[in-house]
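Breakdown of the fold
Spelled out, the chains give:
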Amino acid sequence: MLRTTLGSSGRALLVAAMAVALVGCGGDGKESAKPKPTPKAERTDGPGSYLPPNRLCDVIDFSELATAVGPVRGKAASRGTGADPAKSSGSECKQSLGNGRDRYARAVVHCTAWAQVGEAIRTHEYAKESAVTDRNGTAAVPGVGRQAFRFVSAEKGVWKDDLRMIVRDSNLDCEIHVQSGHPRDERTMDARDKDIAFAAMGDTLKDLLPKLPRRAS
């Protein structure tokens, strides 16, 4: 067996090295990563944060969609929605996109404020469960409201491509449709076109939500 004899200076160096190794393995924990704060729990009952939106076209910025899908054409048209204001009330905005010759598309946005947060949650979940989608199904959209998903609709209609995104934030439910490929327009969207359009739809909603009326805190 090999024996090594250490002098006083050697023993001191060995003790120092062991101390450094212990600190590196945990030590006092000062260098360890701090745990991330737990996200604030959402209130799922009560009236929620939003008041019913009206004249939605006055606050929507269609510039992202104009770049992604086609230039804004004509004036946007608003209308009120909600048959029973005691339960829900909102607004819809339609905007034509394209050049009016061989490129036809449109964006439709409607937002509804529900009287209760719970009703907005149930409506959002039902919309996701009942969505008629293409083979790709629905996909979550992080960073837009509290809940959001997107899909390509497989519902039959005059438009060749029907992209939809639905977001819920507190008691507010907003839905945006981008429809392209009118019968007079032979072109259809490929996968890249759809990804670009979906990104613009998300940006449009993120810009819109802070502009909508809220209850006084």
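Scroll up for the structure.
First, a word on what this report is: a plain description of the structure on this page. No experiment lies behind these values; they were computed from the predicted model shown. Along every chain, residues carry numbers that run from 1 in the direction the sequence is written. For a predicted model such as this one, the threshold for reporting local features is a pLDDT of at least 70, and the threshold for listing and counting side-chain atom pairs is 80 or more; totals across whole chains, interfaces and linings nevertheless cover every residue. With hydrogens and water stripped out, all remaining heavy atoms of the structure feed into the side-chain values.

1. Digging into the overall build of the chain
Which entries qualify depends on this criterion: Counting from the N terminus, the helices are the DSSP runs of H or I reaching at least four residues and the strands are the DSSP runs of E reaching at least two. Classification of residues uses two cut-offs on accessible area relative to the type maximum, computed with a 1.4 Å probe and protein chains only: under 20% is buried, over 50% is exposed, and between them is partly exposed. Between two residues, a contact is recorded if the distance between any of their heavy atoms is within 4.5 Å. The accessible surface values rely on the Shrake-Rupley method and a 1.4 Å probe; as for residues, cover is taken only from the protein chains in view.
Within the chain, the regular secondary structure consists of four helices and seven strands. Mapped in sequence order, the helices and strands of the chain form the string α-α-β-β-β-α-β-β-β-β-α. Looking at the chain as a whole, 36% of its 217 residues qualify as buried. Partitioning the contacts of the chain with sequence separation of at least 6, the portion at a separation of at least 24 is 60%. When the accessible surface of the chain is split by element, carbon and sulfur atoms take 53% of a total near 13,500 Å².

2. Quick word on the state of the cysteines
Cysteine pairs can be covalently joined through their sulfur atoms, and such a bond is termed a disulfide. Using the following cut-off: Two cysteine sulfurs form what is called a disulfide whenever their separation falls within 2.5 Å.
Following the criterion strictly, the structure yields two disulfides and no others. Linked covalently through their sulfurs, cysteine 57 and cysteine 93 form a disulfide whose S-S length is 2.1 Å. On the sign convention where negative means left-handed, the S-S torsion of about 110° between cysteine 57 and cysteine 93 marks this disulfide as right-handed. Residue cysteine 57 is located in the loop between helix H1 (8-24) and helix H2 (63-68), and its partner cysteine 93 is located in strand S2 (residues 88-98); the two are separated by 36 residues in the primary sequence. With respect to class, cysteine 57 is no different from cysteine 93; both count as buried.

3. Comments concerning the sheet that holds strand S1 (residues 72-81)
Quick reminder of the rule: In short, DSSP must find at least two bridges between two strands for them to pair. The angle between two axes is taken between their N-to-C directions and runs from 0 to 180 degrees, where each axis is a line fitted to C-alpha atoms and a helix contributes only its stretch in contact.
Spatially, seven strands are ordered S1-S2-S3-S7-S6-S5-S4 in an open sheet, and the strand pairing comes out antiparallel. Two strands lie at the open edges of the sheet, namely S1 and strand S4 (139-140), each paired on one side alone. Two strands pair when backbone bridges link them, and S1 and S2 are joined in this way by seven bridges, in the antiparallel orientation. Opposite alanine 77, over in S2, you have lysine 94 as the bridge partner. Each of strand S3 (104-114), strand S5 (147-152), strand S6 (161-169) and strand S7 (172-180) is contacted by helix H3 (residues 117-130), which is oriented at about 155° to S6, the strand it contacts most. Strand contacts of helix H4 (residues 191-208): S3, S5, S6 and S7, with the helix running at about 30° to S6, the strand carrying the most contacts.

4. Considerations on the pairing of S3
In terms of residue burial, S3 counts as a mostly covered element, since nine of its eleven residues are buried. Taken together, the nine bridges between S3 and S7 define a ladder with antiparallel strand orientation. The residue bridging threonine 112 from the neighbouring strand is aspartate 173, located in S7.

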